[in-house]
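A look at the structure
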Amino acid sequence: MSRKGIDPKIVEVLEWTCRFWQDAGIYHVPVAGKRGKQPDEDFRRKSKELSDLEAELKDCTRCRLCEGRTNLVFGDGNPAAELVFVGEGPGHDEDMQGKPFVGQAGRLLTKMIRAIGLDRSQVYICNVVKCRPPNNRTPQADEIAACSPFMFRQLEIINPKVICLLGACAASTVLRSSKSISAIRGKTLKWRGINVVPTYHPAYLLRNPRAKSKAWEDFKLLYSLLKAPN
Ligand code: URA
C-alpha cells in the first residue's frame, strides 16, 4: 500500500485512465445529478435566467419608487437554493448597498439562518419590491402590482424546495391572502406546489423580541421541510 493506503495497482490504473482521457482531449467528466441533470448545468441555467431578469429591471421606471432609489435591490444568494426568503422591500442600508437584508433586520435574519445550520450563501433572498419605499413605508398596491411579477419570476426560476415569507407584505402578495401574519405564521402552505412558511419579519422581531420564540418554531419547521425527502 502507498499513497495514503491506496493499492498501487489501483493508482496505476487510474493514472493510465486519466492519461488516456487527457490524450483524447477530455478533461472533465460530467456526473449526473439527482434528477439526472448535471448540478452545474442547473446552477448555470438559473444563474443566467436571473441575470437576464435583473437586466430587464435596469433603469426601471415602472412605479414611483424609482424616484428615490440609489440602487435597485434585485436579490442575492444561491440561484439553485433549496430555501428562498422573501421580504418586503429595501431599507436605507439595502438601498445604499444594492443587496437585500444587510441592515439591522438583515443581521438578525443572518443569525436565524445560521441557527438552522445554513449560511447566507446557500439560500436566496429577495423582496416583493426592489426599490426603497420613502421613509420605509409599506409598499402600495400599485407598486406591488408593478414589481411583484419579478419576484414571482425569481421564485419560478429558482424553484426551491421551501419558500419563507417574511412578514405581512410578502405573505399577502405570494399567498393572495388578507389574513394576518399571526394567523398564518408557522403553517406549511403551498405556492404552485412549493412548501411555503410565513413568519414574522425580522424588523418586527427587533421591535418585539418576545415573538422570537415563535419565529424560532417557524425556523425549525423550515429545517424539517428542507430535510424531508423529496
Ligand atoms: N426589510 C425588508 O423587507 N427587506 C430588506 O431587504 C431589508 C429590510
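Residues numbered from 1 in each chain as written. Predicted model: local features only at pLDDT ≥ 70, side-chain atom pairs only at ≥ 80, totals over all residues. Heavy atoms only, no water.

**Quick notes on the environment of Leu-165**
Along the chain, the position of Leu-165 falls in strand S4 (residues 162-166). Here the alpha-carbon distance between Leu-165 and Val-84, two residues 81 residues apart in the chain, equals 8.5 Å. Excluding residues that lie within four positions of it along the chain, Leu-165 makes contacts with Val-86, Ala-170, Ala-171, Val-174, Leu-175, Val-196, Val-197, Pro-198 and Thr-199. (Helix = DSSP H or I, 4+ residues; strand = E, 2+ residues; numbered from the N terminus. Contact = heavy atoms within 4.5 Å.)

**A look at the pattern of salt bridges**
Per the counting criterion, the structure on display carries 12 salt bridges. Note that Glu-156 is salt-bridged to Arg-192, the shortest N-O span being 2.4 Å. Pair noted here: Glu-156 is in helix H5 (residues 141-158) and Arg-192 is in the loop between strand S5 (189-191) and strand S6 (194-199), with a separation of 36 residues, a long-range link. We classify Arg-192 as exposed; its relative accessible area is 58%. Of the charged contacts in the structure, one is a salt bridge between Arg-185 and Asp-218, with a shortest N-O distance of 2.8 Å. Of the two residues, Arg-185 sits in the loop between helix H7 (181-184) and S5 while Asp-218 sits in helix H9 (residues 212-227), which places them 33 residues apart along the sequence. Accessibility classification places Arg-185 together with Asp-218 in one group, the buried group. Because the salt bridges share partners, they merge into one network encompassing Asp-42, Arg-45, Lys-46 and Glu-49. (Salt bridge = Lys/Arg side-chain N within 4 Å of Asp/Glu carboxyl O. Buried < 20%, exposed > 50% of the residue type's maximum accessible area, 1.4 Å probe, protein only.)

**So, the confidence of the model for the protein chain**
Considering every residue of the protein chain, the mean pLDDT works out to 90; 83% of them sit at 70 or more. pLDDT under 50 marks residues 20-36. Its contacts with residues more than four places away, or in other chains, come to 9 contacts. (pLDDT = per-residue confidence, 0-100.)

**Side note on the site of the ligand**
Taken together, Gly-87, Glu-88, Gly-89, Glu-94, Pro-100, Phe-101, Asn-127 and His-201 make up all the residues around the ligand. Within the backbone of Phe-101, an N or O atom sits 2.9 Å from an oxygen atom of the ligand. Within the side chain of His-201, a nitrogen or oxygen atom sits 2.8 Å from an oxygen atom of the ligand. Protein burial of the ligand: of its 240 Å² of free accessible surface, 91% is covered by the chains. When the residues that make up the shell around the ligand are grouped by side-chain class, the tally is 2 nonpolar, 4 polar and 2 charged. (Near = heavy atom within 4 Å. Polar contact = N/O pair within 3.5 Å; in protein donor to acceptor, adjacent residues only side chain to side chain. Areas by Shrake-Rupley, 256 points an atom, 1.4 Å probe, with all protein chains shown as cover. Nonpolar A, V, L, I, M, F, W, Y, C, P; charged D, E, K, R; others polar.)

**Quick look at the packing of aromatic side chains**
Across all of its chains, the model carries 3 aromatic pairs by this definition. A ring pair is formed by Phe-85 and Phe-219, whose centres lie 5.8 Å apart and whose planes are at 20°; its orientation type is stacked. Taken together, the positions of Phe-85 in strand S2 (residues 83-87) and Phe-219 in helix H9 put the pair 134 residues apart, joining distant regions of the chain. Taken as a pair, Phe-85 and Phe-219 share a single burial class, namely buried. Positioned above the aromatic ring of Phe-74 is the side chain of Lys-130, whose terminal nitrogen or guanidinium carbon lies 5.9 Å from the ring centre. (Phe/Tyr/Trp six-rings, centres within 6.5 Å; stacked < 30°, edge-to-face > 60°. Lys NZ or Arg CZ within 6 Å of the ring centre and 35° of its normal.)

**Some thoughts on the side chain of Lys-161**
Checked against the element boundaries, Lys-161 lands in the loop between H5 and S4. The buried charged residue Lys-161 lacks any salt bridge, with Glu-82 as its nearest oppositely charged partner at 4.9 Å. At 2.9 Å, the side chain of Lys-161 forms a polar contact with the backbone oxygen of Leu-226. Excluding residues that lie within four positions of it along the chain, Lys-161 makes contacts with Glu-82, Ile-194, Asn-195, Leu-225, Leu-226, Lys-227, Ala-228, Pro-229 and Asn-230. (Lys, Arg positive; Asp, Glu negative; His and termini not counted.)

**Topic: H5**
An α-helical turn contains 3.6 residues, so any two residues separated by three or four positions project in the same direction. Helix length check: H5, at 18 residues, gives a terminal C-alpha distance of 25 Å against a target of 26 Å (1.5 Å per residue), a fit within 8%. Of all the bends in H5, the greatest reaches close to 40° and is centred on Cys-147; the proline Pro-149 follows between one and four positions later. What H5 keeps buried is the set Glu-143, Ile-144, Cys-147, Ser-148, Phe-150, Met-151, Phe-152, Gln-154, Leu-155, Ile-157 and Ile-158. Its buried side turned inward, H5 meets helix H2 (39-56), S2, strand S3 (124-127), S4, helix H6 (168-175) and S5. One or two steps after H5, the chain reaches Asn-159, where phi turns positive at roughly 45°. (Expected span 1.5 Å × (residues − 1). Bend = angle between axes of the 7 residues up to and from the residue.)

**Thoughts on the environment of Glu-82**
Note that Glu-82 resides in the loop between strand S1 (76-77) and S2. Spatially, the C-alpha atom of Glu-82 lies 7.8 Å from that of Asn-159, the residues being 77 residues apart in sequence. When near neighbours in sequence (up to four residues on either side) are disregarded, Glu-82 contacts Pro-160, Lys-161, Val-162 and Leu-226.

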